[in-house]
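# Notes for the structure review
Listed below, chain by chain, are the residues.
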Amino acid sequence: LALAQAAELDTVAPLSSLRGDLVVASYNLLAPCFVRPVDTRTGTVQEFAAFRWCDDAILDWQRRRGAITQILTYIRHDCDVICLQEVEFEKEGDKRVPPAWLTDALEGFEIIACKTSILERNAKRNLRVVGKDVAVATAIAIGRGWSVAWTGEHNGTTEVLVGVEKDGAGAVAGASVHVDAGSEDKRVQLLGATLAAARARMGGGRNLRVIVAGDMNAEFKVGSALGAVVSPEDGDAADALRECTVALRNSPDASELEAWAELRRIARFDIQRTLRSGLLGRVPTGATRCGYDHEVAGSTAMRAWSLDHLLYSPATLAPVARWATLEADAASLASGLPNADWPSDHLPVAAAFVVSPPPGPLSEAAT
């Protein structure tokens, strides 16, 4: 069924108009403080942040900010919920607030983020690690007739959960996430905690209408723990060995492979418990990041990764159209991101969904 739905999904060029009950986009903006910073822990620029394929002019913040503003202006005209990652917040008195250029670009949208005290802690961390007193966090912007019904109680710098509603039709939970780049265990924990928070607000099973979007720093391949939450396919021992090796960055021993199998089991069980049937759906977006393969020392070969995703509860939401990703952009696959056309190291992704009406409370027997 999932493969049939993917085949029927309309795919259009990035930033094109999408039509559906609810249109959701996600975009990692590439915060300026993370462009070629010297990591104080090592005294060097980390390879993934060096962008060795880019001229200085491509990375210039004034140029990038103008281009991001233009892209967000397109997005706001066609999307109801915009999930953002790597928003660099400004200081305004004793608060940390979204920058003025961002609020201007998303005119008419309400921007939700975590509270100032959490942003302050993040700013102290960034001052310590990259020498810049700036807070960087995820956010969600809501507009085009949709409004905020509630906000998550545990919103932080890497996840923001919001209930959105329109015309009294019942809320949909939307989450913007920026998942850990180095730990599959942490990725599973964040996804599970986000869904648990949505379930606490809306109930599980067919009552749960949730979309989780963002930079997930994982490709959801068969054999991985995150792959187990979107596909019933378990793969074979070679798949598990490959994905465990990627996650650990070394060849796992028998105990590590056993722990990996257990993590996959837990990840799938948690999703099934939350949804009460089936697994999460994943909009079939392709590669969204491209650059030198930083996993190979000194490499100048381009590699593309599928890191930005839109996950959803398939009993209550059905994607009908999506933006194409790097499979439709040969120039960016050759040059890497950022480039003259795209100002971030990630492409934006978006999909239009049909929203099913809430089925009402479960019977006592079903509960």
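Residues numbered from 1 in each chain as written. Predicted model: local features only at pLDDT ≥ 70, side-chain atom pairs only at ≥ 80, totals over all residues. Heavy atoms only, no water.

### Concerning the packing of helix α7 (residues 237-248) against helix α8 (residues 254-275)
Where α7 contacts α8, the two axes come as close as 10 Å, and the packing angle between them is 100°. The pairing of α7 with α8 is recorded here as roughly perpendicular in orientation. In this structure, α7 contributes Ala 240, Leu 241, Glu 243, Cys 244, Ala 247 and Leu 248 to the contact, and α8 contributes Glu 256, Leu 257, Trp 260 and Arg 264. (Axes fitted to C-alpha atoms, helices over the stretch in contact; angles between N-to-C directions. Helix = DSSP H or I, 4+ residues; strand = E, 2+ residues; numbered from the N terminus. Parallel < 35°, antiparallel > 145°, perpendicular 65-115°, else oblique. Contact = heavy atoms within 4.5 Å.)

### Quick word on the sheet that holds strand β10 (residues 210-215)
Reading across the sheet, the six strands line up as β7-β8-β9-β10-β14-β11 and stay open at both edges, with mixed pairing between neighbours. Taken across any chain shown, the strands that pair with only one partner, and hence form the sheet edges, are β7 (147-151) and β11 (281-282). Note that strand β9 (residues 172-178) and β10 share six bridges and pair parallel. Each residue of the ladder has a partner; that of His 178, found in β10, is Asp 215. (Pairing = 2+ DSSP bridges.)

### Brief notes about the nonpolar core
Counting residues in hydrophobic clusters, the biggest one holds 38 residues, and the most contacted among them are Leu 72, Ile 75, Cys 79, Ile 82, Leu 84 and Leu 106. When contributions to this core are tallied by element, the ones reaching two or more residues are β2 (22-28), α3 (61-78), β3 (81-92), α4 (100-105), α5 (116-130), β6 (135-142), β15 (317-323) and β16 (349-355). If we skip the residues at most four places from it in the chain, Leu 84 touches Tyr 27, Leu 29, Leu 72, Leu 102, Leu 106, Thr 138, Ala 139 and Ser 176. Judged by nonpolar contacts, the second largest core, of 33 residues, contains Leu 161, Val 179, Met 216 and Leu 280. (Core = buried A, V, L, I, M, F, W, Y, C linked by side-chain atoms within 4.5 Å. Buried < 20%, exposed > 50% of the residue type's maximum accessible area, 1.4 Å probe, protein only.)

### Focus on the packing of helix α6 (residues 184-202) against α8
At a closest axis distance of 10 Å, the pairing of α6 and α8 adopts a crossing angle of 10°. Compared by their axis directions, α6 and α8 come out roughly parallel. Contacts between α6 and α8 involve Glu 184, Asp 185, Val 188, Leu 195 and Arg 199 from the former and Trp 260, Leu 263, Ala 267, Ile 271, Arg 273 and Thr 274 from the latter. Across the contact of α6 with α8, the residue classes break down as six nonpolar, one polar and four charged. (Nonpolar A, V, L, I, M, F, W, Y, C, P; charged D, E, K, R; others polar.)

### Describing α3
For α3, built from 18 residues, the straight-helix expectation of 26 Å at 1.5 Å per residue is met to within 8% by its first-to-last C-alpha distance of 26 Å. Listing the buried residues of α3 in full gives Arg 64, Ala 67, Ile 68, Ile 71, Leu 72, Ile 75, Arg 76 and Asp 78. Tucked into the core, α3 has its buried residues touching β2, α2 (56-59), β3, α4 and β15. With a side-chain oxygen lying 3.3 Å from the backbone nitrogen of Gln 62, the N-terminal cap of α3 falls on Asp 60. (Expected span 1.5 Å × (residues − 1). Polar contact = N/O pair within 3.5 Å; in protein donor to acceptor, adjacent residues only side chain to side chain.)

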